[in-house]
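Descriptive analysis of the structure
Letter by letter, the chains look like this.
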Amino acid sequence: MNYSEIMVRYGELSTKGKNRMRFINKLKNNIQEALSIYPDVTVHFDRDRGHVYLNGTDYQPVAASLQKIFGIQNFAPSYKVEKSVSALRQAVQDIMKAIYKEGMTFKVAARRSDHSFELDSRDLNQELGGAVFEAIPNVQVQMKSPDITLRVEIREDAAYISHKEIKGAGGLPVGTAGKGMLMLSGGIDSPVAGYLALKRGVDIEAVHFASPPYTSPGALKKAHDLTRKLTAFGGNIQFIEVPFTEIQEEIKNKAPEAYLMTLTRRFMMRITDAIREKRNGLIIVNGESLGQVASQTLESMQAINAVTNTPVIRPVITMDKLEIIDIAQKIDTFDISIQPFEDCCTIFAPDRPKTNPKIKNAEQYEARMDIDGLVERAVTGIMIREITPVEEVQDEVDGLIEDLL
């Protein structure tokens, strides 16, 4: 027997009261986007659960995609069976013969949403339990925590049987907590920060600073690839490329070396905040981890934060590097992050950056520059691209074409 659908159960959504359907509809949309790479798969949701109809699509890759989507508590692959007692008896016998191993316990948990069906839930449990005993005489029933739970659901169109339950990603559907701007570098930390923000329902847009010719097309592609990995957890992401060459050259020419990193980060924060305001974001998210590098001391964060009143969320701030790497490997961004392409934060990095910069000093050095003009030109020059799970193949084709040319 082949699975016909995957039944999706919600997690925290059950606590959302009058907002429940808004959360459920958002989860449905996120699942549809993430599964858009499977053209035959269809999705239907009701108040209690979701249904992903496979329509002949291989179950394994669809299940792997579902495991990454926030808002799912668990899901169960299900078989579609003719809605008759004889067909159900035969199906549970076939399933148990295929999965039973000596010493396993079982129970049947039936649910009848079609009340016109000839047996109620209790009678169906007894009937199908008896069918299992006929097929496997020595099997033992155990009502609490059995090895196998045969879940049977009688619906209007047919009956459905499942026997395995797969843990989902939990969290909240992406987009239910509002929009945030993720400051995405090419490093390990910022994609992890983006992942953790997505888990709590934040709809992120990735803001990436590029400084050609100092940063290469490879560095930009690396940022695209990291963003694409994040789409697996909530759907398409808007990627915002910011031209940053003029600002970095201005800082290099007019500020002391020790303050290069501080001023660079302050300009990045200003620009990200301006983009956030323009695009109706609520917060800024970044991958700063306390004490990891010179720009991530409390004094540095204070000097950088001074240019905005917008909340800056730092999901990995208390984690050490190994904890962050563990998550990066789990979400499959680590191998991309360690590719040797320089980003804006490394090309002009000073040998001895200031670890306790003073706000008044930063403001004094910035007074030598046209702050408003530099920020305005950078924001005006942004390029926006929607990153989706299905663009990967096209990107590979485009790369081969470029190589040939």
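Structure shown above.
Since the structure is predicted, the reported quantities are computational estimates derived from the model, not experimental observations. (Residues numbered from 1 in each chain as written. Predicted model: local features only at pLDDT ≥ 70, side-chain atom pairs only at ≥ 80, totals over all residues. Heavy atoms only, no water.)

Describing the overall build of the protein chain
The secondary structure content of the protein chain amounts to 15 helices and 15 strands. With the principal axes as the frame, the protein chain shows a C-alpha extent of 85 × 50 × 40 Å. In the protein chain, buried positions account for 53% of the 405 residues. In the protein chain, once contacts between residues fewer than 6 apart in sequence are set aside, the share between residues at least 24 apart is 79%. Charge-centre separation for the protein chain: the mean point of 49 positive side chains lies 6 Å from the mean point of 55 negative side chains. (Helix = DSSP H or I, 4+ residues; strand = E, 2+ residues; numbered from the N terminus. Buried < 20%, exposed > 50% of the residue type's maximum accessible area, 1.4 Å probe, protein only. Contact = heavy atoms within 4.5 Å. Lys, Arg positive; Asp, Glu negative; His and termini not counted. Charge placed at Lys NZ, Arg CZ, Asp CG, Glu CD.)

Section: the side chain of T215
Topologically, T215 is positioned in the loop between strand 11 (203–210) and helix 6 (217–231). Judged by relative accessible area, T215 falls into the buried class, the value being 8%. From its side chain, T215 meets the backbone nitrogen of S211 in a polar contact 2.7 Å long. Ignoring anything within four residues of it in the chain, the contact list for T215 reads A210, E342, D343, C344 and I347. (Polar contact = N/O pair within 3.5 Å; in protein donor to acceptor, adjacent residues only side chain to side chain.)

Re the environment of D372
Turning to its location among the elements, D372 is positioned in helix 14 (residues 371–380). With a relative accessible area of 63%, D372 lands in the exposed category. Taking C-alpha positions, D372 is 9.6 Å from R270, a pair spaced 102 residues apart along the chain.

Observations concerning the sheet that holds strand 10 (residues 179–183)
What the six strands build is an open sheet, ordered 14-13-10-11-12-15; its pairing is mixed. Among the strands making up the open sheet, the edge pair consists of strand 14 (312–313) and strand 15 (383–387). The sheet contact formed by strand 11 and strand 12 (residues 237–243) spans five bridges and is parallel. Its bridge partner lying in strand 12, F209 is registered against V242. Sheet strands touched by helix 8 (residues 260–278): strand 10, strand 11, strand 12, strand 13 (283–285) and strand 14. Its angle to strand 10, the strand with the most contacts, is close to 155°. (Pairing = 2+ DSSP bridges. Axes fitted to C-alpha atoms, helices over the stretch in contact; angles between N-to-C directions.)

A word on the packing of helix 3 (residues 85–99) against helix 4 (residues 121–135)
Between helix 3 and helix 4, whose axes approach to 9 Å, the crossing angle comes to 45°. By the criterion of interaxial angle, the relationship of helix 3 to helix 4 is oblique. As helix 3 runs across helix 4, the sense of the crossing is right-handed. On the side of helix 3, the interface is formed by V85, L88, R89, V92, Q93, M96 and K97, while helix 4 contributes L124, E127, L128, A131, V132, E134 and A135. Classifying every residue of the contact of helix 3 with helix 4 gives nine nonpolar, one polar and four charged. (Parallel < 35°, antiparallel > 145°, perpendicular 65-115°, else oblique. Left-handed = near helix turned anticlockwise from the far one by under 90°. Nonpolar A, V, L, I, M, F, W, Y, C, P; charged D, E, K, R; others polar.)

Focus: empty space enclosed by the protein
Any empty space left between the atoms is revealed when a probe the size of a water molecule rolls over them. For the structure shown, the criterion picks out three cavities of 30 Å³ or more. For the lining of the largest cavity, the secondary structure elements donating two or more residues are helix 8 and helix 12 (344–347). It is helix 8 that contributes the most residues to the lining of the largest cavity, three residues altogether. When its residues are assigned to classes, the lining of the largest cavity shows seven nonpolar, two polar and no charged. (1 Å grid on protein atoms, 1.4 Å probe; cavity = no way out; pocket = protein on both sides within 12 Å on 5 of 7 lines; lining within 4 Å. Points joined across faces, edges and corners; volume = space filled by probe spheres on them.)

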